[in-house]
Amino acid sequence: MIRVAFVIAHNPVAWFGGFNVIKNLISSMNANKVDNLKIVLFINSNTPLKYFQNLDVEIVKTDFFSNMSFFTRVYSKINIFFFGKSNFFDNFFLKYKINLVSHHIPLGRNSQIKSFPWITDFQEIYHPEYFTFLQLFFRRFNIFFSVLSASKIILSSIDSQNDLRKIIKINKKKIFIHPFFFDNYPIKNILNFKIIKNKYKINKNFFFLPNQYWPHKNHLLVLKAILYLKEKYNLSISVVSSGYHYAKGSRTYFNKVMDYARDHGLNKNYTYVGVVNEKELYSLIYHSKAIINPSVFEGWNTSVMQAKSLFKENIISNIRSHIEQKNNKSFIFRNNNHISLAKAILKVSRLKKYPHPTSFEKKKNKKNFLNFGKKYINLINSIYQKKV
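Not measured: the values here are computed from a predicted model. (Residues numbered from 1 in each chain as written. Predicted model: local features only at pLDDT ≥ 70, side-chain atom pairs only at ≥ 80, totals over all residues. Heavy atoms only, no water.)

### With respect to the overall build of the protein chain
Looking only at helices and strands, the protein chain features 13 helices and 13 strands. At 21 Å, the protein chain has a C-alpha radius of gyration in line with the 21 Å of a compact globule built from 388 residues. By principal-axis analysis of the C-alpha atoms, the protein chain measures approximately 65 × 50 × 40 Å. Taking all 388 residues of the protein chain together, the buried fraction comes to 53%. A separation threshold of at least 6 residues defines the contact pool for the protein chain, and within that pool the share at least 24 residues apart is 67%. (Helix = DSSP H or I, 4+ residues; strand = E, 2+ residues; numbered from the N terminus. Rg over C-alpha atoms; globule rule 2.2 N^0.38 Å. Buried < 20%, exposed > 50% of the residue type's maximum accessible area, 1.4 Å probe, protein only. Contact = heavy atoms within 4.5 Å.)

In C-alpha coordinates:
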(Lines give C-alpha, C1' and ligand atoms only; values in the text may rest on other atoms or scores of the structure.)
Protein backbone atom coordinates (compact mmCIF):
# COMPACT_ATOMS: atom_id res chain seq x y z
CA MET A 1 0.00 0.00 0.00
CA ILE A 2 1.39 3.41 -1.04
CA ARG A 3 0.46 6.11 1.47
CA VAL A 4 0.34 9.53 -0.19
CA ALA A 5 0.14 12.66 1.96
CA PHE A 6 -1.43 15.98 1.05
CA VAL A 7 -1.02 18.88 3.47
CA ILE A 8 -3.55 21.71 3.87
CA ALA A 9 -1.60 23.83 6.35
CA HIS A 10 -3.59 27.02 5.76
CA ASN A 11 -7.15 28.28 5.97
CA PRO A 12 -8.80 26.91 2.79
CA VAL A 13 -10.55 30.26 2.25
CA ALA A 14 -7.22 32.14 2.09
CA TRP A 15 -6.15 30.26 -1.03
CA PHE A 16 -9.38 28.81 -2.31
CA GLY A 17 -8.14 28.20 -5.84
CA GLY A 18 -5.18 26.07 -4.77
CA PHE A 19 -7.27 24.27 -2.18
CA ASN A 20 -9.89 23.41 -4.81
CA VAL A 21 -7.24 22.02 -7.13
CA ILE A 22 -5.88 19.66 -4.46
CA LYS A 23 -9.37 18.67 -3.35
CA ASN A 24 -10.37 17.99 -6.96
CA LEU A 25 -7.23 15.94 -7.61
CA ILE A 26 -8.05 13.76 -4.60
CA SER A 27 -11.62 13.39 -5.88
CA SER A 28 -10.36 12.31 -9.30
CA MET A 29 -7.93 9.84 -7.74
CA ASN A 30 -10.79 8.41 -5.66
CA ALA A 31 -12.91 8.04 -8.80
CA ASN A 32 -10.24 5.81 -10.37
CA LYS A 33 -10.73 3.29 -7.54
CA VAL A 34 -7.24 1.85 -7.10
CA ASP A 35 -6.62 -0.51 -4.21
CA ASN A 36 -2.87 -0.07 -3.74
CA LEU A 37 -2.97 3.59 -2.74
CA LYS A 38 -4.19 5.39 0.38
CA ILE A 39 -4.51 9.18 0.58
CA VAL A 40 -3.72 10.77 3.94
CA LEU A 41 -4.79 14.38 4.39
CA PHE A 42 -3.04 16.49 7.04
CA ILE A 43 -5.07 19.52 8.11
CA ASN A 44 -4.86 22.09 10.91
CA SER A 45 -6.71 21.06 14.05
CA ASN A 46 -9.11 24.01 13.74
CA THR A 47 -10.00 23.43 10.06
CA PRO A 48 -13.67 22.37 9.71
CA LEU A 49 -14.22 18.90 8.26
CA LYS A 50 -17.02 20.28 6.04
CA TYR A 51 -14.39 21.24 3.46
CA PHE A 52 -13.53 17.57 2.89
CA GLN A 53 -16.95 15.96 2.54
CA ASN A 54 -17.25 13.06 0.09
CA LEU A 55 -13.49 12.48 -0.07
CA ASP A 56 -12.18 8.97 0.57
CA VAL A 57 -9.18 9.96 2.68
CA GLU A 58 -7.64 9.35 6.06
CA ILE A 59 -7.69 12.72 7.85
CA VAL A 60 -5.06 13.68 10.40
CA LYS A 61 -5.74 16.83 12.41
CA THR A 62 -2.49 18.35 13.61
CA ASP A 63 -0.85 21.64 14.60
CA PHE A 64 2.56 20.37 13.48
CA PHE A 65 2.67 22.76 10.52
CA SER A 66 0.76 25.76 11.88
CA ASN A 67 2.76 25.89 15.13
CA MET A 68 6.14 25.50 13.46
CA SER A 69 8.46 28.38 14.33
CA PHE A 70 10.33 30.41 11.74
CA PHE A 71 13.62 29.09 13.13
CA THR A 72 12.44 25.47 12.74
CA ARG A 73 11.38 26.09 9.14
CA VAL A 74 14.72 27.67 8.25
CA TYR A 75 16.76 25.04 10.08
CA SER A 76 14.84 22.23 8.36
CA LYS A 77 15.34 23.78 4.94
CA ILE A 78 19.07 24.17 5.60
CA ASN A 79 19.26 20.46 6.46
CA ILE A 80 17.29 19.49 3.35
CA PHE A 81 19.34 21.79 1.12
CA PHE A 82 22.82 20.80 2.33
CA PHE A 83 22.34 17.28 3.73
CA GLY A 84 19.46 16.03 1.57
CA LYS A 85 16.93 15.45 4.36
CA SER A 86 15.37 16.82 7.54
CA ASN A 87 14.92 14.36 10.37
CA PHE A 88 12.30 16.71 11.79
CA PHE A 89 10.04 16.29 8.74
CA ASP A 90 10.99 12.69 7.98
CA ASN A 91 10.23 11.49 11.50
CA PHE A 92 6.85 13.20 11.46
CA PHE A 93 5.74 11.67 8.16
CA LEU A 94 7.25 8.26 8.91
CA LYS A 95 5.19 8.19 12.10
CA TYR A 96 2.16 7.94 9.80
CA LYS A 97 3.94 5.55 7.40
CA ILE A 98 3.89 8.08 4.56
CA ASN A 99 5.65 7.06 1.34
CA LEU A 100 5.15 10.25 -0.62
CA VAL A 101 4.30 13.89 0.16
CA SER A 102 2.41 15.62 -2.63
CA HIS A 103 1.95 19.30 -3.48
CA HIS A 104 3.90 20.43 -0.42
CA ILE A 105 7.55 21.04 0.43
CA PRO A 106 10.45 19.01 -1.06
CA LEU A 107 11.93 16.65 1.52
CA GLY A 108 15.41 16.15 0.07
CA ARG A 109 17.34 13.80 -2.17
CA ASN A 110 18.30 11.56 0.79
CA SER A 111 14.88 11.42 2.40
CA GLN A 112 13.13 8.07 2.73
CA ILE A 113 9.97 9.84 1.54
CA LYS A 114 9.38 10.93 -2.04
CA SER A 115 8.21 14.51 -2.51
CA PHE A 116 6.36 16.13 -5.43
CA PRO A 117 6.00 19.88 -4.73
CA TRP A 118 3.70 21.95 -6.94
CA ILE A 119 4.95 25.29 -8.28
CA THR A 120 1.86 27.20 -9.34
CA ASP A 121 3.41 29.91 -11.53
CA PHE A 122 6.41 32.15 -12.19
CA GLN A 123 4.73 35.52 -12.44
CA GLU A 124 7.66 37.24 -10.73
CA ILE A 125 9.60 36.94 -14.01
CA TYR A 126 7.09 39.17 -15.79
CA HIS A 127 5.62 41.23 -12.95
CA PRO A 128 8.25 41.80 -10.25
CA GLU A 129 6.39 44.97 -9.31
CA TYR A 130 3.82 42.82 -7.47
CA PHE A 131 6.45 41.57 -5.02
CA THR A 132 8.74 42.96 -2.37
CA PHE A 133 12.47 42.37 -2.61
CA LEU A 134 12.28 39.65 0.04
CA GLN A 135 9.34 37.94 -1.72
CA LEU A 136 11.30 37.90 -4.97
CA PHE A 137 14.34 36.46 -3.18
CA PHE A 138 12.39 33.68 -1.46
CA ARG A 139 10.41 32.79 -4.60
CA ARG A 140 13.67 32.36 -6.52
CA PHE A 141 15.33 30.48 -3.65
CA ASN A 142 12.35 28.10 -3.35
CA ILE A 143 12.60 27.27 -7.05
CA PHE A 144 16.25 26.25 -6.73
CA PHE A 145 15.51 24.53 -3.44
CA SER A 146 12.67 22.50 -4.99
CA VAL A 147 14.59 21.50 -8.11
CA LEU A 148 17.52 20.32 -6.00
CA SER A 149 15.52 18.63 -3.25
CA ALA A 150 12.34 17.18 -4.81
CA SER A 151 11.70 13.85 -6.48
CA LYS A 152 9.49 15.51 -9.11
CA ILE A 153 8.30 19.07 -9.80
CA ILE A 154 4.59 19.44 -10.52
CA LEU A 155 3.64 22.18 -13.01
CA SER A 156 0.22 22.96 -14.42
CA SER A 157 1.05 24.04 -17.97
CA ILE A 158 3.59 23.92 -20.78
CA ASP A 159 3.94 27.67 -20.31
CA SER A 160 5.08 27.10 -16.72
CA GLN A 161 7.62 24.53 -17.88
CA ASN A 162 9.06 27.04 -20.33
CA ASP A 163 9.32 29.63 -17.56
CA LEU A 164 11.02 27.22 -15.16
CA ARG A 165 13.62 26.34 -17.76
CA LYS A 166 14.39 30.05 -18.19
CA ILE A 167 15.30 30.21 -14.51
CA ILE A 168 17.24 26.98 -13.99
CA LYS A 169 18.62 24.13 -16.03
CA ILE A 170 16.47 21.11 -15.26
CA ASN A 171 16.04 17.70 -16.83
CA LYS A 172 12.59 17.43 -18.42
CA LYS A 173 12.20 14.01 -16.78
CA LYS A 174 12.08 15.71 -13.38
CA ILE A 175 9.08 17.83 -14.46
CA PHE A 176 5.54 16.52 -14.47
CA ILE A 177 3.11 18.76 -16.36
CA HIS A 178 -0.29 18.17 -14.83
CA PRO A 179 -3.07 20.57 -15.90
CA PHE A 180 -6.09 20.18 -13.66
CA PHE A 181 -9.69 19.49 -14.65
CA PHE A 182 -12.99 19.62 -12.79
CA ASP A 183 -15.75 17.04 -13.05
CA ASN A 184 -19.09 17.90 -14.70
CA TYR A 185 -20.90 19.76 -11.95
CA PRO A 186 -24.35 18.24 -11.20
CA ILE A 187 -27.08 20.65 -12.32
CA LYS A 188 -29.31 19.30 -9.52
CA ASN A 189 -26.96 21.00 -7.04
CA ILE A 190 -27.38 24.44 -8.61
CA LEU A 191 -29.26 26.87 -6.39
CA ASN A 192 -32.35 28.58 -7.74
CA PHE A 193 -31.47 32.10 -8.87
CA LYS A 194 -33.98 33.59 -6.43
CA ILE A 195 -31.88 32.27 -3.53
CA ILE A 196 -28.74 33.87 -4.95
CA LYS A 197 -30.57 37.08 -5.82
CA ASN A 198 -32.11 37.50 -2.38
CA LYS A 199 -28.88 36.74 -0.53
CA TYR A 200 -26.57 38.96 -2.57
CA LYS A 201 -28.98 41.53 -4.04
CA ILE A 202 -27.81 41.01 -7.62
CA ASN A 203 -29.45 41.41 -11.01
CA LYS A 204 -30.26 38.56 -13.38
CA ASN A 205 -27.97 39.49 -16.29
CA PHE A 206 -24.56 39.62 -14.66
CA PHE A 207 -20.99 38.65 -15.46
CA PHE A 208 -19.06 36.76 -12.79
CA LEU A 209 -15.52 37.56 -11.66
CA PRO A 210 -14.47 34.82 -9.18
CA ASN A 211 -10.91 35.88 -8.33
CA GLN A 212 -9.04 36.51 -5.10
CA TYR A 213 -7.91 40.12 -4.72
CA TRP A 214 -4.32 39.95 -5.88
CA PRO A 215 -3.06 42.69 -8.27
CA HIS A 216 -2.25 40.23 -11.07
CA LYS A 217 -5.93 39.19 -11.15
CA ASN A 218 -6.57 42.63 -12.71
CA HIS A 219 -10.03 43.46 -11.35
CA LEU A 220 -9.42 47.12 -12.21
CA LEU A 221 -9.43 46.27 -15.92
CA VAL A 222 -13.01 45.00 -15.60
CA LEU A 223 -14.09 48.26 -13.98
CA LYS A 224 -12.41 50.23 -16.77
CA ALA A 225 -14.21 48.08 -19.35
CA ILE A 226 -17.67 48.56 -17.86
CA LEU A 227 -16.99 52.29 -17.49
CA TYR A 228 -16.06 52.40 -21.19
CA LEU A 229 -19.29 50.61 -22.15
CA LYS A 230 -21.29 52.96 -19.95
CA GLU A 231 -19.77 56.09 -21.46
CA LYS A 232 -19.54 55.00 -25.10
CA TYR A 233 -22.71 52.90 -25.50
CA ASN A 234 -24.78 54.02 -22.49
CA LEU A 235 -24.76 50.33 -21.54
CA SER A 236 -25.03 49.30 -17.90
CA ILE A 237 -23.15 46.04 -17.27
CA SER A 238 -23.42 44.21 -13.95
CA VAL A 239 -20.40 42.35 -12.59
CA VAL A 240 -20.46 40.16 -9.48
CA SER A 241 -17.11 39.61 -7.78
CA SER A 242 -16.24 36.91 -5.25
CA GLY A 243 -13.05 35.94 -3.49
CA TYR A 244 -10.99 36.73 -0.41
CA HIS A 245 -10.73 40.53 -0.25
CA TYR A 246 -7.47 40.80 1.67
CA ALA A 247 -5.56 38.05 -0.08
CA LYS A 248 -2.23 37.03 1.42
CA GLY A 249 0.54 39.43 0.44
CA SER A 250 -1.89 42.08 -0.85
CA ARG A 251 -3.67 44.10 1.81
CA THR A 252 -4.40 47.29 -0.16
CA TYR A 253 -5.51 46.10 -3.60
CA PHE A 254 -9.13 45.42 -2.64
CA ASN A 255 -9.51 48.98 -1.32
CA LYS A 256 -8.00 50.33 -4.51
CA VAL A 257 -10.56 48.44 -6.63
CA MET A 258 -13.53 49.51 -4.53
CA ASP A 259 -12.32 53.11 -4.45
CA TYR A 260 -12.17 53.12 -8.25
CA ALA A 261 -15.74 51.78 -8.46
CA ARG A 262 -16.99 54.46 -6.05
CA ASP A 263 -15.06 57.34 -7.67
CA HIS A 264 -16.38 56.48 -11.15
CA GLY A 265 -19.98 55.87 -10.18
CA LEU A 266 -19.86 52.10 -10.67
CA ASN A 267 -21.14 50.96 -7.27
CA LYS A 268 -24.39 49.72 -8.82
CA ASN A 269 -22.47 47.92 -11.59
CA TYR A 270 -19.96 46.12 -9.39
CA THR A 271 -21.10 43.91 -6.51
CA TYR A 272 -18.64 42.23 -4.18
CA VAL A 273 -20.18 39.18 -2.48
CA GLY A 274 -17.16 37.98 -0.48
CA VAL A 275 -16.06 34.37 -0.13
CA VAL A 276 -18.76 31.95 -1.27
CA ASN A 277 -19.09 28.22 -0.69
CA GLU A 278 -18.73 25.68 -3.49
CA LYS A 279 -22.44 25.37 -4.24
CA GLU A 280 -22.85 29.14 -4.40
CA LEU A 281 -19.76 29.46 -6.58
CA TYR A 282 -21.04 27.01 -9.17
CA SER A 283 -24.53 28.53 -8.96
CA LEU A 284 -23.12 31.98 -9.68
CA ILE A 285 -21.16 30.59 -12.64
CA TYR A 286 -24.25 28.82 -13.92
CA HIS A 287 -26.58 31.84 -13.69
CA SER A 288 -24.05 34.33 -15.08
CA LYS A 289 -23.77 35.48 -18.68
CA ALA A 290 -20.12 34.41 -18.55
CA ILE A 291 -17.17 34.32 -16.18
CA ILE A 292 -14.42 36.88 -16.72
CA ASN A 293 -10.76 36.25 -16.06
CA PRO A 294 -8.69 39.34 -16.86
CA SER A 295 -5.48 38.11 -15.20
CA VAL A 296 -2.19 39.41 -16.53
CA PHE A 297 -0.57 36.13 -15.50
CA GLU A 298 -1.68 32.62 -14.51
CA GLY A 299 -0.11 29.21 -14.16
CA TRP A 300 -3.42 27.46 -14.93
CA ASN A 301 -6.58 29.21 -13.84
CA THR A 302 -9.12 27.54 -11.56
CA SER A 303 -12.21 29.58 -12.44
CA VAL A 304 -11.76 28.93 -16.17
CA MET A 305 -11.74 25.17 -15.54
CA GLN A 306 -14.76 25.43 -13.24
CA ALA A 307 -16.64 27.35 -15.95
CA LYS A 308 -15.68 24.65 -18.45
CA SER A 309 -17.11 22.00 -16.10
CA LEU A 310 -20.46 23.80 -16.47
CA PHE A 311 -19.91 24.46 -20.20
CA LYS A 312 -20.20 28.16 -19.49
CA GLU A 313 -18.98 31.02 -21.66
CA ASN A 314 -15.65 32.41 -20.45
CA ILE A 315 -14.05 35.75 -21.29
CA ILE A 316 -10.30 35.45 -20.83
CA SER A 317 -7.16 37.47 -21.51
CA ASN A 318 -4.85 36.16 -24.21
CA ILE A 319 -2.00 35.18 -21.88
CA ARG A 320 -0.26 31.94 -22.87
CA SER A 321 -1.76 29.69 -20.18
CA HIS A 322 -5.28 30.89 -21.04
CA ILE A 323 -4.64 29.98 -24.66
CA GLU A 324 -3.81 26.46 -23.45
CA GLN A 325 -7.05 26.42 -21.44
CA LYS A 326 -9.49 27.89 -23.98
CA ASN A 327 -12.38 25.98 -25.52
CA ASN A 328 -15.21 26.71 -27.96
CA LYS A 329 -16.95 28.88 -25.36
CA SER A 330 -13.95 31.14 -24.81
CA PHE A 331 -13.94 34.78 -25.84
CA ILE A 332 -10.37 36.04 -25.98
CA PHE A 333 -9.35 39.66 -25.46
CA ARG A 334 -5.99 41.42 -25.56
CA ASN A 335 -4.17 41.26 -22.25
CA ASN A 336 -4.56 44.37 -20.11
CA ASN A 337 -6.63 46.17 -22.79
CA HIS A 338 -9.94 47.40 -21.38
CA ILE A 339 -11.42 48.27 -24.78
CA SER A 340 -10.72 44.76 -26.08
CA LEU A 341 -12.32 43.35 -22.91
CA ALA A 342 -15.31 45.68 -23.32
CA LYS A 343 -15.86 44.40 -26.86
CA ALA A 344 -15.79 40.80 -25.62
CA ILE A 345 -18.31 41.63 -22.88
CA LEU A 346 -20.50 43.37 -25.45
CA LYS A 347 -20.34 40.35 -27.75
CA VAL A 348 -21.39 37.94 -24.99
CA SER A 349 -24.12 40.26 -23.69
CA ARG A 350 -25.72 40.17 -27.15
CA LEU A 351 -25.84 36.38 -27.30
CA LYS A 352 -29.47 35.30 -27.44
CA LYS A 353 -29.06 31.57 -26.89
CA TYR A 354 -26.75 29.50 -24.82
CA PRO A 355 -26.65 26.05 -26.43
CA HIS A 356 -26.88 23.13 -24.02
CA PRO A 357 -23.80 20.91 -23.81
CA THR A 358 -23.91 17.81 -25.97
CA SER A 359 -23.44 14.33 -24.55
CA PHE A 360 -20.10 14.23 -26.39
CA GLU A 361 -18.92 17.37 -24.57
CA LYS A 362 -20.00 15.95 -21.22
CA LYS A 363 -18.23 12.64 -21.88
CA LYS A 364 -15.09 14.45 -23.01
CA ASN A 365 -14.94 16.59 -19.86
CA LYS A 366 -15.63 13.51 -17.69
CA LYS A 367 -12.78 11.69 -19.40
CA ASN A 368 -10.43 14.64 -18.83
CA PHE A 369 -11.39 14.71 -15.16
CA LEU A 370 -10.76 10.97 -14.69
CA ASN A 371 -7.46 11.21 -16.59
CA PHE A 372 -6.42 14.03 -14.27
CA GLY A 373 -6.34 11.57 -11.36
CA LYS A 374 -5.26 8.57 -13.43
CA LYS A 375 -2.12 10.27 -14.74
CA TYR A 376 -1.13 11.26 -11.23
CA ILE A 377 -1.72 7.76 -9.89
CA ASN A 378 0.46 6.40 -12.69
CA LEU A 379 3.18 8.88 -11.79
CA ILE A 380 3.08 7.66 -8.18
CA ASN A 381 2.98 4.02 -9.24
CA SER A 382 5.92 4.52 -11.60
CA ILE A 383 8.08 4.06 -8.49
CA TYR A 384 6.77 0.49 -8.41
CA GLN A 385 6.51 0.07 -12.20
CA LYS A 386 2.75 -0.40 -12.05
CA LYS A 387 0.11 1.20 -14.34
CA VAL A 388 -3.59 1.86 -13.73
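What follows continues from the structure just given.
### Details of a nonpolar patch on the surface
The grouping of Phe70, Val74, Ile78, Phe82 and Phe83 at the surface amounts to a nonpolar patch, some 560 Å² of accessible area in total. If you trace the backbone, phenylalanine 82 turns up in helix H2 (residues 70-83). A relative accessible area of 55% places phenylalanine 82 in the exposed class. (Patch = residues over 30% accessible without salt bridge, like charges linked within 9 Å, V, L, I, M, F, W, Y side chains within 5 Å. Areas by Shrake-Rupley, 256 points an atom, 1.4 Å probe, with all protein chains shown as cover. Salt bridge = Lys/Arg side-chain N within 4 Å of Asp/Glu carboxyl O.)

### Details of the packing of aromatic side chains
All chains considered together, the criterion is met by 33 aromatic pairs. In textbook terms, an aromatic cluster arises when at least three aromatic residues are bridged by ring pairs, as seen for Phe42, Phe64, Phe65, Phe88, Phe89, Phe92, Phe93 and Tyr96. Here the basic side chain of lysine 204 rests over the ring of phenylalanine 193, its NZ or CZ set 4.7 Å away from the ring centre. Here the guanidinium or amino end of lysine 232 rests over the ring plane of tyrosine 233, the centre of that ring lying 5.9 Å away. (Phe/Tyr/Trp six-rings, centres within 6.5 Å; stacked < 30°, edge-to-face > 60°. Lys NZ or Arg CZ within 6 Å of the ring centre and 35° of its normal.)

### Observations concerning helix H8 (residues 253-263)
Tyr253, Phe254, Val257, Tyr260 and Ala261 are the residues of H8 that are buried. Relative to the axis of H8, the buried residues are bounded by an arc of 130° and lie together on one face. In H8, those exposed residues whose orientation departs by more than 90 degrees from the buried face are Lys256 and Asp263. Its buried side turned inward, H8 meets helix H7 (219-233) and strand S10 (270-274). (Arc of directions from axis to C-beta.)

### Structural notes on unusual backbone geometry
A positive phi angle is found at asparagine 234, which is not glycine, with a value near 55°. You can see asparagine 234 is positioned in the loop between H7 and strand S9 (238-242). Even without being a glycine, phenylalanine 311 presents a positive backbone phi close to 55°. Tracing the backbone shows phenylalanine 311 in the loop between helix H10 (302-309) and strand S12 (314-317).

### Observations regarding the nonpolar core
Nonpolar side chains in soluble globular proteins tend to end up buried together. Core analysis: the biggest nonpolar cluster contains 56 residues, and Phe6, Met29, Tyr376 and Ile380 have the highest contact counts within it. Among the elements of the structure, strand S1 (2-8), helix H1 (16-31), strand S2 (37-43), helix H6 (193-200), strand S8 (206-210), helix H9 (278-287), H10 and helix H13 (359-381) are those that each provide at least two residues to this core. For this core, the element with the most residues is H1, which contributes seven residues. Ignoring any residue separated from it by four or fewer positions in sequence, one finds phenylalanine 6 in contact with Ile22, Leu25, Ile26, Met29, Ile39, Val40, Leu41, Phe42, Ser102, His103 and Tyr376. Core analysis: the next-biggest nonpolar cluster, separate from the first, contains 32 residues, Val222, Tyr228, Leu266 and Ala342 among them. (Core = buried A, V, L, I, M, F, W, Y, C linked by side-chain atoms within 4.5 Å.)

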